[in-house]
Structure formats: C-alpha cells, structure tokens
Amino acid sequence: MTDEMSPEFLAFSEMLDQEDGLKPESLDSDGRLLLELRQELRDTATLPAGLPSDFARTTATAVTARFHAQSPLVSRLVRWESLLRVPIFSPRGLGLSAILISLFGLAARLLSLKMLALGGALLLVGTVVLKALYAWRLPESFESSSFRSRMPELRIPGLYYLLPLVAIALTSGLVGRGVAGLDQVSLSFRASSGILPLAGLATTVVTFLWLVNAFTPLWRAAEQRVFPAQLVVWGHGAWLGMLAWLYLESNHVDMSSFGLRGFGIPEQTLLGIAMITALVAWVAAWRRRPPDKTPWLKALRRSFVGFLVGVAPLFLAGALLFRFGLTQELRHEGFYREMVREVEDYAARQRAIPAEQNGITELKPFFFRSELDMDKAVDKNKVRQAAEVAKRLKMGSLLWRENADESQKKEDKGRVRADFLRELPRIESAISKPYFSYVSHQNFSLQDEVPNFILCRAITQGLAGLSNEALQAGDSEKALDYLRMNLSWSSKISNDSLICLMISVAQRSIATLDVERFVFEGDLSSNQLSRLAEALRETAPRRGDLKDTMLRETYTVDKFLRQVVDRHLDGGSWTKFVEGDGDWSMLYHILPSSYWESERLAYLNLQLDQSKTWEDLGNPNTLDIDEILMMNVVAAQVTPNFSRAQVQFMRMLTRFAALETVVALERYRLDQGAYPPNLDALVPKYLNELPKDAIHPNRWEYKPNLSYRKTGAKYELVSESPLYRNIKLAPRQLFGPDGDYEEAKAKIH
Amino acid sequence: MSATLTMGEMTGQERTTAASGELEELARRLQLRDEGALEALIARTESACYRLAYSITSDSELSRDALQEAYFLVFQRIGQLREPAAFKGWLFRIVSHCCHDILRRRRREVQTDFEEREDLQALPEEGDLAEEVTRAQKIRSTFAALPEIDRTALALREVCSMSYEEMSRVLDVPLGTVRSRLAKARQRFIDAYKGVNR
C-alpha cells in the first residue's frame, strides 16, 4: 500500500465526495470500485441483523439505571449542573431565574452589601468548585482524560457563562437593594415601606432579565469568535471589579482592613485598573472586528436596542413607584395648624424680650460662629478680643478631672484657672438676667447655628472642676456656690430647639455628677442641703419641655421644607446650608417640588403621630440616626438624633428626681438620726411628691416610682427600665451611697 | 424514514435541516433531563449509529456494546454540549470513540477474519448472483481489514454522509487532514482490494 498521495488521486477523491449522481461508466476501474464500496456501506440490506426491536427502550432503562448507580455525589452534581444549562428564555428558565434571583434579592435585602459581595464571590467560586468536582469524579471515558479537557470553565473562553451572569446578578441585586432601601433615603418611602421589599425583589428580577436580554447578542457574537472571547471575560471581570469597589465605597469599608493599602494599592488605583481594562478590552474588540463587520455591528445594534427597549419599562416602573410612594396627605391637619400658631406666638413673645433682659445677648459675641467670622467682621479688633475671651472660657474644660492631664505643669493649670476665673463674671451676669432666649436673638435655625456647644460644655466642666477642688479643700460653702451656679448655667440654654435641649441635657449631666459626693462627703449642714435641694428643684427639666421642644423643632423643619418646596429659601442660614453641602445642593436642584412636599408631609406625619409620646414621655420610638442614609436631608441634616434625645431627656428627669430624693433622705437622716423606712415619710416635708421613674417606657400616669429599700445604715434607690440597656448597657441605675457616687469616687481617688 | 436519522438516504437539504431540528430539540430535552427524551433520542438515532458502529467494528455484537456505552456517555455528558445544534456530530464522535475503545479492549478476542463471520458465510453463492455476492463480500472484507483510522474516515463520509467540515469537528483534525485522510483510506482500500484479487 502506498503512503505517498498523488495530487491527482487527492483531487479524484474530492471529486467523488463533491459530485452527486456519478455514473460508474464515467469512471475508471478504481472509481467504480470506490462507488461499489459506497453502495455496499450504505446498503441497509447487507447489514447483519443487529439491534433488537426494543433496543431503544432497554438501552434507555439500562443507561438511566447505570447513571443513577454512580456515586450519589456525581449523580447529584450532574443533575444540578444541568440546571445551569437551562435556557434563560425558556418558560422553565424564566421561572428558575425568577426564583433564584428573588432569593438573591431577598438575601441582598436582609444582608448587608458586604455580605452581598461575598455571596457573589462564593457563587463564583462555588460553581467552579462544583464543576471541578464533577469533572474529577467522572469515570474514564472516550475523551482525553486530562483534567483541562473536562473542565471547559478552566479554559478562559468557558468563563462566558459564569462571569457575565455573576456580574449581572450582582448588578441586579444592587439595583433591587437600592429600591428596597428607598425607605432609608426618604421619609415618604419609609411611610410606605411595606411595598418596598416586594418592589426591590421585582426590580432585581426585571433588571436581571433585561440585562441578560440586552447583552445576549454581544455574547453570542463573542462566542462565534467575531472578536476574541477573552475580551468578554476581561470586560466582565472589570465590571465585577467596579461593582466590588462600589460595594466597598457605599459601605464605607476601609480598604486597609483588607491589607490592600499596605501594598500601596488604594481603591482609586483598583478602579483605574478596572476601567482601563474595560476600555482596552472594548477598543481591542472594535479593532479586531471582521472585515464584513456585519455580525459585530448587528450584535452591537441589537444590544443597544435591547438596552433602550428594556430601560423604558424600568423607568416607567420607577416613575410609578415614585408616584405611589409619595406621601399625599397630612394627617392631624388641625393639630398642625394649632402647632404653627402656638409656636409662632411663642417666637413673637421671645422676640419681644428687650436685649438688656436677655442673657444670651451678652454672650453673643463669644458664642456664635457668625460673630467670630473674621472675614466678615467690620471691627476686626473687637472680633479678635471676643475670640480671646472664648478661648479662655474654653480652657475651663482642663479644670475638669475627666480632662485633666496629669503631666500638665502646675503653673499651666494655675494660669488656666486664673484665665477662666477672670471671664467667669460674664457668665454670672448672663445667667442672672430674667431671660436667656435664643429665639429672640437668632430665630429658629438649623443645628449648625446654635450657640457653640463646645464652649457651653467647657464652662460647665470648668465650674464642675472648681466645685470639686473646693470640696476637696474642705470649703463646702464655696463648692456649693459653684455647684449651684453650674446647675443654673446648665439649665439656661433654652429648649427652643432639640439641639439646644440636648446641649442642656449634656451640661446638666456633667453638673450633677458630683451631687452625691457633696451629700455624702461634703459634711453639709441642713441649711446647705436645703439650698442644694432648692437649686436642684429650680434647674430640673420639666416634663412638658420635651413636647414644647419637639413642636418647635417640627415647626422649624417644616418651615425649612416649605421654603424648599417653594424653591424660595429666604437667605440666612437656610441658603448657606443648601450651598454648603454638595449632595444636598444637588438633591435640592434635581428633585422636583412634589418630592419635597411629600417629604414635608411625611415628616409632619411622622412627628405629629408621636405628639402623644412626647406629652406622656411614653415609649419613645427607636428610630436611630444610623438607620437613615446620608442622603436623607430631612432627618440626617436638619434634625439631630431625636430618639436618643428623648431617652436622654427622660433619663435626666429621673436623675433629678433621684438626686432630690437623695438630698431629702439626707435631710431626713440629719433630723431623725436614720434613713426612713420608706419614701412616703419624706412627703411633703422633704419632698413635694414621690420620685417618678421617668425613663420607664410606660405612659406618664403609669410610670412607677423609684424603688427604695433601706439596707441597714444605708439604702438603695433604684431606677429600672429596659431603656437603660440602650444607653448605659446596664439593666438598672443605682442612686445613693452605692450608685453613681461610688463610680465618681473611684474616678477621683 | 422521517422518524429516523436517515444519513445515507437523506440527501435533500430540507429534510436534513428538519431532521437536525428534531435532533436539536431532543438534545435540549435531554439536557433538561426530560423524562422520555433518552428513549426517543435512541430510537431516533440507533439505526444510523449502528451502521456507523458496524462499519468500524464489523461486528454486530461489538456494535451493540459500543452503542450502549455511547448512549450512556451521551446521557452523562449532555450537559457539556454547548450547542445542541451540533449534537449529530457530537453523537457520531462519541460512537466512533466508543467503537475504537471497545476494539482496543477486545482486540485479542475480536475475530475480524471475514471467512469466519457467520453472517457473511450464510450468504448464497450461485451463478451471476454468486459472483456478485462474492465481489460484494470481498469489498466488505477488504474494508473490514483496513486500519481503524481508515474505516472510521470512510464510515463517517460514506455511511453518515458527513461533510468535510463535520468530519473535521468529529475527528478533531484540520480540514486538510480530513481531505488527505479520506484519500489515503480510499487509496489503501483500492490497493488492498487489488492485492486480494491478484
């Protein structure tokens, strides 16, 4: 037999295959022989009787049985693997996708973004591992036994199926989560949050199908090698990289926690690499298109059209969700009008206060940022002097034991004390005035326009430090004077707005820190104790303060939002506020008035619904500032943390009630020689009424009294409320000899 | 005939397309593990596969065994078939591989000597007919004695009526190699036949 092939025979062989209906007589003997061979091989009559009539049925049964007789792991994997091959656009594929993507969306809703990114990564790794296991466990077969040949996914082009779907699933999850999380962006959507999880799931599924539909033509083109398949993989790799970056950014994840910064690769570099890779991939794809261009351009056009067609219903759905998610009406219309009238009357009364009777007017040059703005000042020398005064008062914080630096030189501390004492008469003068109204000076305003909180607190700390020094030096009279002055100062910042109330609560918390030490270590006379009791009574917060404050706060925000709705901010701090914040400014300009009106109504509904809570000091809502996204203008930018404020206020009410009781018990002991068996013995001579445990979440009339128990020569005065767990991480608060007093004593000694 | 894969008999483009469409649908159903799809697919392809197998093994029993192994692999690995449209070529490739496997395993046992084959011995041998039958027997015995590689190439082309492109995919060789392999197989067949005659 010949191994060399003549070109003539090669051509002859090809001719045999190409021409139909060849006649034997037109061929030579070799050709006729080959035609005979063809005839023989095709002639079914010459086939031996081979397959039994039931071959199909018996073979199918045997194959199925053998297949399931393999190890259960292999069978299961093979069965799961077939799910990956279900065509997306078949009814079964759509159903399956809907279920899987709903679960994915649900997981995205329940878990954090970080978990979502992790889930995507696990999905990717898990699929590859499953496929690897499957390939590894397969029995020997006709194909090459090499691992790579059984694992098409390990070959780069095989990643077609994986990377795009993972990228799209993650994108869909992000979009769906965004919709489901609208209640955190907008108070309106918070009010209608019941439909948002469902809308989020639906958006996830629709986005997924839409993206798959839009990109399928491009993938097909890539698969048919219209351009290199690797480019699709790189493109989606870059897409995934950008998604990961987005997740990390939106979740405020510090990249250094992954050790990336240690390698000198900050997130901007990662983003840059991802974007450059994507760009190079697509440019290369464009350059490598085939000469006739049709498949590539057609695929691109179809993808583009698919994108546009798919985006229309998404926008429509978004618009409908937006429309129906907006708050349409104001509940408590009558109450709202009454609130506006009351607050405006209050503001008018405050503005009528003559400047010389208002203590805050005297402090204005030092306490307001606007007054200390050197650039806008007419008399710069005056501003410089005011800044000096503010600086000396601010140094008061160094006198407080919590802030004292042990290594600080004594002469420095002496100078600080001297400076602080030099400016203290200004404070004494201010608090001696009959009024201390912020409204009359500044009107209601946003939280960045309140009196300087740091300075207010520093003065409180300075007074607390002076009082403590005097007590340690045995001068209880002087110590009591500073304490009474501090209580008075701390209660002066009016409750015109919630932030002012919060400042005041924080100051009173510092000012009252040493009251128990006074009582148990100060060796106070009955008269001194009476004066202390009176000071406490006068400076204690009132139950109604919270409601008044919250109504004024609500009025302030409402006024602001009304101006936003009308697109007419009347200058001053409002305008500055809008201009000063990038995100805010953008939102202010792009969101329609209907959105702001809706936000206004939703805010009023949310606030006024709680008016009974403010009045009763009942169970405060648990809405925390952390739950509200940075974009929520109303809640995050305009109002302080109103739920915590309420709890802190209630805690302060309880603290004052407890301290008045502690002083009353001490007066009783001085008179009677021992503590009373119960608190009833104190009323009415030493106490006006039994101390209410205000922080208890019951409504006012059902709040219990503080619990009192005599323990030998001492006693226990206890407040118990589940709310303590949130603010002090303890189940209860002890007052009296074993309570805060012990804690404070430990810090001093 | 329309219910079976015709191959040799099927020459019209339309019928080929229709048959491919049916096969493609069956392959899709099998990928989804659709109940009954395997039996339908076997019924649809067994005749063609058997002829291909017999062309390679020249033994009906071995062909049956090869087919059973081939259908098991088809069922097991159908998920790896990315394009159901390419099912026909994929199936023939599996069948031919299974045939070679089974031949390798049983090389010592398999009796390829034409004279000892019962099915051919039973053929009549009288007059013109006898002469014709003898010539046919010799053609087939020569074909059966060809190397596997030649038998496979010729079977795919002559029995399965595959194009060069399809053969290139099934055999996993370039188009030019298909062309030369077929020509060489034909040349060897002619040489062998003439040698027998001489």
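So, here's what we can say about the structure.

Considering the overall build of chain A
Link 1 in the chain: Counting its secondary structure elements, chain A contains 33 helices and 3 strands.
Link 2 in the chain: Counting across all 749 residues of chain A, residues that qualify as buried make up 34%.

Some remarks on the overall build of chain B
Link 1 in the chain: Scanning chain B for helices and strands turns up 9 helices and 0 strands.
Link 2 in the chain: Along chain B, helices (α) and strands (β) appear in the sequence α-α-α-α-α-α-α-α-α when read from the amino end.
Link 3 in the chain: Buried positions account for 42% of the 198 residues belonging to chain B.

Regarding the interface of chain A and chain B
Link 1 in the chain: Taken together, the contact pairs 42 residues of chain A with 50 residues of chain B.
Link 2 in the chain: Of all the secondary structure elements, the ones that give two or more residues to the side of chain A that touches chain B are α1 (7–18), α2 (29–42), α3 (55–69) and α4 (72–84) of chain A.
Link 3 in the chain: At 10 residues, α3(A) tops the list of elements feeding residues into the side of chain A that touches chain B.
Link 4 in the chain: Split into classes, the residues belonging to the side of chain A that touches chain B amount to 21 nonpolar, 8 polar and 13 charged.

A few points about the packing of helix α21 (residues 476–490) of chain A against helix α22 (residues 498–511) of chain A
To describe two helices that pack against each other, one gives the angle between their axes and the distance between the axes.
All names here are of chain A.
Link 1 in the chain: Between α21 and α22, whose axes approach to 8 Å, the crossing angle comes to 170°. As the angle between them shows, α21 and α22 are arranged roughly antiparallel. Where α21 crosses over α22, the two elements pack in a sense that is left-handed. When α21 is examined against α22, the residues N486, L487 and S490 are found in contact with a partner set consisting of S504, Q507, R508 and A511.
Link 2 in the chain: Classifying every residue of the contact of α21 with α22 by side-chain character gives 2 nonpolar, 4 polar and 1 charged.

Points about the environment of A:G544
Residue and element names in this part refer to chain A.
Link 1 in the chain: Relative to the assigned elements, G544 resides in helix α25 (residues 543–565).
Link 2 in the chain: A residue is classified by how many C-beta atoms lie within 10 Å of it, and G544, with 12 of them, is exposed.
Link 3 in the chain: Residues G544 and L617, 73 residues apart in the sequence, show an inter-C-alpha distance of 9.0 Å.

Re the pairing of strand β3 (residues 732–735) of chain A
Residues and elements named next belong to chain A.
Link 1 in the chain: On β3, burial follows the alternation: Q733 and F735 on one face are buried, whereas R732 and L734 on the facing-out side are not.
Link 2 in the chain: Here strand β2 (residues 714–720) pairs with β3 via 4 bridges, running antiparallel. Pairing of L717 across the sheet is with F735, part of β3.

Here we look at the packing of helix α4 (residues 87–105) of chain B against helix α8 (residues 164–171) of chain B
Residue and element names in this part refer to chain B.
Link 1 in the chain: With their axes 9 Å apart at the nearest point, α4 and α8 run at an angle of 50° to one another. By the angle between their axes, α4 is oblique relative to α8. Two packed elements cross with a definite hand, and for α4 against α8 that hand is right-handed. On the side of α4, the interface is formed by G89, F92, R93 and S96, while α8 contributes E166, R169 and V170.
Link 2 in the chain: Considered class by class, the residues forming the contact of α4 with α8 number 2 nonpolar, 2 polar and 3 charged.

A few points about the sheet that holds strand β1 (residues 707–711) of chain A
Residues and elements named next belong to chain A.
Link 1 in the chain: The sheet built from 3 strands is open, its strands ordered β1-β2-β3 with antiparallel pairing. At either end of the open sheet lies a strand with only one pairing partner, and these are β1 and β3. Neighbour-to-neighbour, the strand axes of the sheet open up by a mean angle of 25°, direction not taken into account.

Examining the environment of A:P620
Residue and element names in this part refer to chain A.
Link 1 in the chain: Relative to the assigned elements, P620 resides in the loop between α29 (611–616) and α30 (633–638).
Link 2 in the chain: The exposure class of P620 is buried, given the 23 C-beta atoms found within 10 Å.
Link 3 in the chain: Separated by 30 residues in the primary sequence, P620 and M650 have C-alpha atoms spaced 9.6 Å apart.

So, the nonpolar core
Link 1 in the chain: Membership of the largest hydrophobic core comes to 85 residues, with the highest contact counts inside it found for A:L532, A:L536 and A:V663.
Link 2 in the chain: The greatest single-element share of this core, amounting to 13 residues, is contributed by helix α31 (residues 642–672) of chain A.
Link 3 in the chain: Setting aside its immediate chain neighbours within four residues, A:L536 contacts A:L487, A:F656, A:L659, A:E660 and A:V663.
Link 4 in the chain: Ranked by size, the runner-up nonpolar core spans 60 residues in total, among them A:A60, B:A66, B:F87 and B:A185.

Here we look at α25(A)
Link 1 in the chain: Compared with an ideal rise of 1.5 Å per residue, which puts 23 residues at 33 Å, α25(A) spans 34 Å between its outermost C-alpha atoms and is within 8% of the ideal.
Link 2 in the chain: Two residues or fewer after α25(A) comes A:R567, characterised by a positive phi angle close to 55°.

Overview of unusual backbone geometry
Link 1 in the chain: Note the cis peptide between A:V683 and A:P684, where omega equals 5°.
Link 2 in the chain: Positive phi, close to 55°, is recorded for A:L617, a residue that is not glycine.
Link 3 in the chain: Note on placement: A:L617 falls in the loop between α29 and α30.
Link 4 in the chain: Residues other than glycine seldom take positive phi values, yet B:S58 does so here, at roughly 55°.
Link 5 in the chain: Secondary-structure assignment places B:S58 in the loop between α2 (37–57) and α3 (60–77).
Link 6 in the chain: By C-beta crowding, B:S58 is classed as buried, having 25 other C-beta atoms within 10 Å.

With respect to the environment of A:I695
Residues and elements named next belong to chain A.
Link 1 in the chain: Mapped onto the fold, I695 is located in the loop between α31 and β1.
Link 2 in the chain: Put simply, I695 and L653 are 42 residues apart on the chain and 7.5 Å apart in space, counted from C-alpha to C-alpha.
Link 3 in the chain: Apart from residues lying up to four places away in sequence, I695 is in contact with M650, R651, T654, S719, S721 and L723.

Notes on the pairing of β2(A)
Residues in a regular strand project their side chains so that they alternate between the two faces of the sheet.
All names here are of chain A.
Link 1 in the chain: Burial along β2 is one-sided: Y715, L717 and S719 are buried, while K714, E716, V718 and E720, pointing the other way, are not.
Link 2 in the chain: Pairing between β1 and β2: 5 bridges, direction antiparallel. Directly across from T711, in β2, lies its bridge partner K714.
Link 3 in the chain: From the end of β1 to the start of β2, which pair antiparallel, there are 2 residues, and G712 there has a positive phi angle of about 65°.

Reading the values: the criteria
Residues numbered from 1 in each chain as written. Chains lettered and ligands numbered in written order. Predicted model: local features only at pLDDT ≥ 70, side-chain atom pairs only at ≥ 80, totals over all residues. Helix = DSSP H or I, 4+ residues; strand = E, 2+ residues; numbered from the N terminus. Buried ≥ 20, exposed ≤ 12 C-beta atoms within 10 Å, placed from the backbone. Contact = placed C-beta atoms within 7 Å. Nonpolar A, V, L, I, M, F, W, Y, C, P; charged D, E, K, R; others polar. Axes fitted to C-alpha atoms, helices over the stretch in contact; angles between N-to-C directions. Parallel < 35°, antiparallel > 145°, perpendicular 65-115°, else oblique. Left-handed = near helix turned anticlockwise from the far one by under 90°. Pairing = 2+ DSSP bridges. Core = buried A, V, L, I, M, F, W, Y, C linked by C-beta atoms within 7 Å. Expected span 1.5 Å × (residues − 1).

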